Amino acid sequence: MTGFNGTERFAKPFNPVLGETFEYSCPTTGVKIVAEQVSHHPPISACHIHNDKFVLSQTSTPRSIFQGNSIELDTQAQITVEFPRTGDRFSLTKCATTKVHNVLIGFAWIDHFGPVRIANLTTGDTATLHMEKCGFLDKNRHIIHGQIRDKTNAVHMEMSGKWTRTVSLKYLTAGHSKPPGTVAAVWSRPKGNACGKWKLTPFVSKLIEITPAHERLLPTTDSRLRPDRRLLAAGHPRRAGDQKTLIENRQRKDQKERDKGAMPQYVPKWFQQAPCPHDPAIKHWQYIGGYWEERQRRADTLDDPDTLAQQMASTLLIGGHVPGSACDFRTYANRH
């Protein structure tokens, strides 16, 4: 619910270019995140998150439809979460449809609607949620309801509420943490703590912050190094827009070069396509490892600028990247 609720802030994001990456490492929780844009047409992002308590893998393929004054986004996602200590493994195979209203004229607002299905692959339990589509005069806006069933399809709990406020759980059968008939809130909207010009929460601000020491560690494909993003953060929207156009044009040129055979075909560096563990018929992008080990090698050579620059350059030559391509943000920024 927190993910859906967060989309109330619907400023237009930067579209990642092919080969763009993102990393995050939290020293207090041990959480490490690595993401890569593995395809441009169709746009596909792959992500791997882990610490000693869980492992999450996600492949997202958004499909957008422009409908005059609105945009409808249908995100096909394969998400798996594993908890090594309990042995439980969960999958989310369907995300609700998102619709942005009044993108050209009027007050812009967002609606989520459709089914969301979560399955415990270990026990066979499932949770099926349905987000209601907003009707005339805001009827059913933000309403969500659903059921939790066991592997025999027997209903044990019911969920209801609003994805912008609170979601409650009603216990229908015995043998759970609360007696039958009990209704308890299981999720409430976090208190608003967004601040600053871009209305970012402290956590999001931490995700995108960059220090000089951190910048030297980042691969040249990292999102934080995008010149358009950095110019916008510095308060130069016009120059940021110009840089965004240059990067997108470079990506189109890269694709034409690949089509002509003048440039190596792109091969993702950190993810590879493989059958989904819970459904071999579904393909997803699986993390193949090595990102954090390579990052450590860069850290070990921080005091040797020549070696560090050589390592960063060699990183681009793997997976069909070449220096100066659209995702080579560090070199690209210096040229423009």
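Relevant structure appears above.
From a predicted model like this one, the values you see are computed outputs, not experimental measurements.

Rules and cut-offs
- Residues numbered from 1 in each chain as written.
- Predicted model: local features only at pLDDT ≥ 70, side-chain atom pairs only at ≥ 80, totals over all residues.
- Heavy atoms only, no water.
- Salt bridge = Lys/Arg side-chain N within 4 Å of Asp/Glu carboxyl O.
- Helix = DSSP H or I, 4+ residues; strand = E, 2+ residues; numbered from the N terminus.
- Buried < 20%, exposed > 50% of the residue type's maximum accessible area, 1.4 Å probe, protein only.
- Pairing = 2+ DSSP bridges.
- Patch = residues over 30% accessible without salt bridge, like charges linked within 9 Å, V, L, I, M, F, W, Y side chains within 5 Å.
- Areas by Shrake-Rupley, 256 points an atom, 1.4 Å probe, with all protein chains shown as cover.
- Phe/Tyr/Trp six-rings, centres within 6.5 Å; stacked < 30°, edge-to-face > 60°.
- Lys, Arg positive; Asp, Glu negative; His and termini not counted.
- Polar contact = N/O pair within 3.5 Å; in protein donor to acceptor, adjacent residues only side chain to side chain.
- Contact = heavy atoms within 4.5 Å.
- Core = buried A, V, L, I, M, F, W, Y, C linked by side-chain atoms within 4.5 Å.

A closer look at the pattern of salt bridges
Oppositely charged side chains can pair when the atoms bearing their charge come close.
Phase 1: A complete count under the given rule lists 13 salt bridges for this structure.
Phase 2: Between Glu23 and Arg295 there is a salt bridge whose closest N-O contact spans 2.7 Å. Here the residue Glu23 occupies a position in strand S1 (residues 21-25), and Arg295 occupies one in helix H6 (residues 291-300), the gap between them amounting to 272 residues.
Phase 3: Among the ionic pairs, Arg298 bridges to Glu294, the shortest N-O distance being 3.7 Å. With a gap of four residues between them, Arg298 and Glu294 both fall in helix H6, about one helical turn apart. Neither residue differs from the other here; Arg298 and Glu294 are each classed as buried.
Phase 4: Here the salt bridges do not stand alone but share partners, grouping Lys269, Glu294, Arg297 and Arg298 into one network.

Comments concerning the pairing of S1
Phase 1: Taken across its five residues, S1 has four buried, putting it largely inside the fold.
Phase 2: Both S1 and strand S2 (residues 32-39) contribute to a ladder of five bridges, which runs antiparallel. In the strand pairing of S2, Thr21 is matched with Glu36.
Phase 3: Between S1 and S2, which follow one another and run antiparallel, lie six residues, and Gly30 among them has a positive phi close to 80°.

With respect to a nonpolar patch on the surface
Phase 1: A surface patch of nonpolar side chains, amounting to about 500 Å² of accessible area, comprises Phe66, Ile71, Val103, Leu104 and Ile105.
Phase 2: Tracing the backbone through its elements, the reader meets Leu104 in the loop between strand S7 (97-101) and strand S8 (109-120).

Focus on the packing of aromatic side chains
Phase 1: One pass over the full model with this rule turns up four aromatic pairs.
Phase 2: Seen from their ring centres, Phe271 and Tyr287 are 5.7 Å apart, and the 55° between their planes marks the pair as tilted. Note that Phe271 is positioned in strand S14 (residues 271-276) and Tyr287 in strand S15 (residues 279-287), a separation of 16 residues in sequence. Each member of the pair, Phe271 together with Tyr287, is buried.
Phase 3: Relative to Trp292, the ring of Tyr291 has its centre 5.1 Å away and its plane inclined at 80°; by these criteria the two rings are edge-to-face.

A few points about unusual backbone geometry
Phase 1: A cis amide bond, omega -5°, links His41 with the succeeding residue Pro42.
Phase 2: Tracing the backbone through its elements, the reader meets Pro42 in the loop between S2 and strand S3 (44-50).
Phase 3: Of note in this structure, Asn102 is not a glycine but carries a positive phi near 60°.
Phase 4: Looking at the secondary structure, you find Asn102 in the loop between S7 and S8.

What to know about the side chain of Lys99
Phase 1: Take Lys99: it is sitting in strand S7.
Phase 2: One buried charged residue, Lys99, remains without a salt bridge, the closest side chain of opposite sign being Glu72 at 4.3 Å.
Phase 3: A polar atom in the side chain of Lys99 sits 3.3 Å from the side chain of Gln67.
Phase 4: Leave out the neighbours within four places in its chain, and Lys99 touches Gln67, Ser70, Ile71, Glu72, Trp109, Ile110, Asp111 and Phe113.

Examining the nonpolar core
Phase 1: Counting residues in each nonpolar core, the largest one holds 30 residues, and the members touching the most others are Ile49, Val116 and Met131.
Phase 2: Looking at this core, the elements that each hand over two or more residues are S1, S2, S3, strand S5 (70-83), strand S9 (126-131), strand S11 (155-162) and strand S12 (166-171).
Phase 3: Apart from residues lying up to four places away in sequence, Ile49 is in contact with Val31, Lys32, Ile33, Phe54, Val55 and Leu56.
Phase 4: In terms of nonpolar packing, the next biggest core, distinct from the first, is built from ten residues, Val34, Ile44, Tyr287 and Tyr291 among them.

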